[in-house]
Amino acid sequence: MKILPLLLQLGWASCQTILNLDNNFPELSQLAALIRASPHLTALLRNANNFTFLAPSNDAIYKWRSQVNPTQDFIEATLSYHLITVNVPSLLLGTEPTFLPTNLVNASYTNVTGGQRVDGYRDRDVGFRSGNRTVSMVVSKDHIVDGGIFHIVDTVLRLPLDFGATASQASWSYALAYFSQSRFSAFANNTIVNELFAAKDLTFFIPNSASALDYALHGNISNPSIQTYGEISRYHFITGKALYSPELKNGSVLTMASGHSAIIRILENGTKYINSAMITSPDYLISNGVVHIIDNFLVPGNTTGPVLPPSSSIASTSTITPATSPGTTKNLSTASYIGIGIGGAAFVLISVAVVTFLMIRRHKAKTVSARNGAVSGVQSTELKGSDPRYYIQELGTGEVMAELPDGNVVHQNSHGQNMRAHVA
C-alpha cells in the first residue's frame, strides 16, 4: 500500500470541499453546475458531515438528462439520494449487500424511515444499486473532502418508485398478469393496493413465476372470497419494517400483515426461502421499502419449508456471524478513517517483514516449530421492528431448526433438547 499519497491527500483535503469539486476534478463540472444552481443542494452539502457523496461524472449527467429531462425538484431529490449519511470508504464494503441511509427524505419521493436506502457492495469493483436494481459503478474512489469522502460513479442513481411502477420497469410479467385480473382490481382498488401504497417501511414478497400465475388462476385461490383474498394478500407483506436481505436470517420468524407467521430458511448454498417459496430475486428498492421476488404464493398458516434433495440441508444458525455495517461507524470522523487506513497499511507492511524474517530463519535452521491457537466467538444481533406487531425472532445461538414429518417446526438446542418454535 502507498502511505505517502494518502498522507498528501489528507493534507490537500483540508481545503477541498464538496462544493468546489470541479476545481480539481473537471470531470465533475456538470455536477458542480447543478449543485450551484440549487440553494437547497448547496445548503445540504455545505452542512453535511461524516458523509459519503456518490458524484456522477459528466458522462453520467449527460446521459441521465437526455433520458429523464428532469425538473428542478427531481434534480434535487436525485442528488439528495446521492448523499449517504454515513462514512463509507470502499474497504468497508463487501460482497454482502449493505443498505445505506441517504438524505432522500422528501415525502413526495420516499416513505422510508431514516431516508431512502442505496445498496453498496464490493466484489472485484465497488458499486451501488438503486431503483430497479440500477448499478452505478465506482470509477474513482475514496477522495477526501472536508467532512467526508466521495466516490465518482459512472451512472446517476435511479430514484426507487412505487411497487406498481417498479413491477412494470422490472418486467415482472407473471405478477403483472395476475395483478391485471379483473377480480384483483375489483377488490384491491379501495383496500389492498391503497394499503400498500400508503404503507411506511414496506416489505413485500411478490410471486413472479409461471407456476405462481397458474396457481393463482387455477389453484386453490383462483376464486377466493373477499375475506380470504385479503388474508392471502396480506400474508405477503409487512408494514412498519423494511427488511432487506441481510436481515432475513436463517430461522427468523416474521409476523406478516395478516397476523400469520412465516419462517425464513437458508440452505447451505445460500439460497433463501420464505416457507416453501424460494426468494429468486431479492432487494428491489421501492419508494416505501423493499420487494423480494419469490417463486410461488404463500399460504396463510402453512409454514412448511421447501422439499429439499438429499444432498441439501438447512444451514445452522450457529454459524452466522453478522458482517460489520458502515452504519455502526457513523460517529467516527473522516480523520479517524484515515488513521485506520494508515494503521492498517503499516500493519500489513510490518506483518510482511515479520513473515519474511521468520521464513529466512526457518530456512537457515531447517527446523519447524508451530503453535496452535484458536479464536472463537459467535456474534448475534437482534432486529427490532418499529412496529411491535411486526417483528423478527431469531433462533438462539447454538440452536438449529428441524422439520418434523407433520410439518411442525422445532428448535434443537446444543444439548439436543427439542423446543417447539415460538410463533407470534
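Residues numbered from 1 in each chain as written. Predicted model: local features only at pLDDT ≥ 70, side-chain atom pairs only at ≥ 80, totals over all residues. Heavy atoms only, no water.

In terms of backbone geometry, most residues other than glycine have negative phi values and most peptide bonds are trans. Of note, Arg-133 is a non-glycine position whose phi angle comes to about 55°, a positive value. Positionally, Arg-133 belongs in the loop between strand S5 (126–129) and strand S6 (135–145). At Asp-283, a position not held by glycine, the phi torsion is positive, near 65°. Looking at where Asp-283 falls in the secondary structure, it is placed in strand S13 (residues 277–286). Looking at Asp-283, the relative accessible area reads 7%, which means it is buried. (Helix = DSSP H or I, 4+ residues; strand = E, 2+ residues; numbered from the N terminus. Buried < 20%, exposed > 50% of the residue type's maximum accessible area, 1.4 Å probe, protein only.)

The next point concerns the pattern of salt bridges. Taken as a whole and assessed by the stated rule, the structure comprises three salt bridges. Residue Asp-22 pairs with Arg-36 through a salt bridge whose shortest N-O separation is 2.7 Å. Here Asp-22 is found in the loop between helix H1 (3–12) and helix H2 (29–36), whereas its partner Arg-36 is found in helix H2, with 14 residues between them in sequence. Across the pair Asp-119 and Arg-129 runs a salt bridge whose closest N-O atoms are separated by 2.8 Å. Of the two residues, Asp-119 is situated in strand S4 (residues 117–122) and Arg-129 in strand S5; the sequence distance between them amounts to 10 residues. Arg-129 sits in the buried class, given a relative accessible area of 17%. (Salt bridge = Lys/Arg side-chain N within 4 Å of Asp/Glu carboxyl O.)

Glancing now at helix H4 (residues 58–68). Since one α-helical turn is 3.6 residues long, residues separated by three or four positions face the same way. The complete set of buried residues in H4 reads Asn-58, Ala-60, Ile-61 and Trp-64. Looking straight down H4, one finds its buried side chains confined to an arc of 155°; they lie on one side. Summarising the geometry of H4, the exposed residues directed more than 90 degrees from the buried face are Asp-59, Lys-63, Ser-66 and Gln-67. Packed against the buried residues of H4 are H2, strand S1 (51–56), helix H5 (72–81) and strand S7 (148–153). (Arc of directions from axis to C-beta. Contact = heavy atoms within 4.5 Å.)

With 24 residues, the main nonpolar core has Trp-172, Phe-204, Ile-206 and Val-291 as its most contacted residues. Contributions of two or more residues to this core are made by helix H6 (163–169), helix H7 (173–179), helix H9 (192–198), strand S8 (202–207), helix H10 (210–218), S13 and strand S14 (289–294). Leave out the neighbours within four places in its chain, and Val-291 touches Phe-163, Trp-172, Phe-204, Ile-206, Ser-281, Pro-282, Asp-283, Tyr-284 and Ile-286. (Core = buried A, V, L, I, M, F, W, Y, C linked by side-chain atoms within 4.5 Å.)

The full count for this structure, using the stated rule, is eight aromatic pairs. Ring geometry for Phe-74 versus Tyr-109: centroids 6.0 Å apart, planes at 65°, classification edge-to-face. Of the two residues, Phe-74 sits in helix H5 while Tyr-109 sits in the loop between strand S3 (98–101) and S4, which places them 35 residues apart along the sequence. Taking relative accessible area as the criterion, Tyr-109 reaches 18% and is therefore assigned buried. With 5.1 Å between their ring centres and 35° between their planes, Phe-163 and Phe-197 make a pair best called tilted. (Phe/Tyr/Trp six-rings, centres within 6.5 Å; stacked < 30°, edge-to-face > 60°.)

On to the pairing of S6, then. One face of the sheet, then the other: side chains in a regular strand alternate in exactly this way. In the sheet, S5 pairs with S6 via three bridges, with the strands oriented antiparallel. Bridge pairing in S6 places Gly-127 opposite Met-137. Hairpin remark: S5 followed by S6, antiparallel, with five residues in the connecting loop; positive phi at Asn-132, about 55°. Two elements, S6 and S7, share five bridges in a ladder whose sense is antiparallel. Bridging from a neighbouring strand, Ile-144 pairs with Ile-149 of S7. (Pairing = 2+ DSSP bridges.)

We now examine the sheet that holds strand S2 (residues 83–84). Backbone hydrogen bonds hold the strands of a sheet together, and the pairing may be parallel or antiparallel. Here seven strands make up an open sheet; going across it, the order is S2-S1-S7-S6-S5-S4-S3 and the pairing mixed. Since the sheet does not close on itself, it has two edges, and those belong to S2 and S3, each with one partner. Here S4 runs beside S5; their pairing, made up of four bridges, is antiparallel. Counted as the bridge partner of Asp-119 is Arg-129 from S5.

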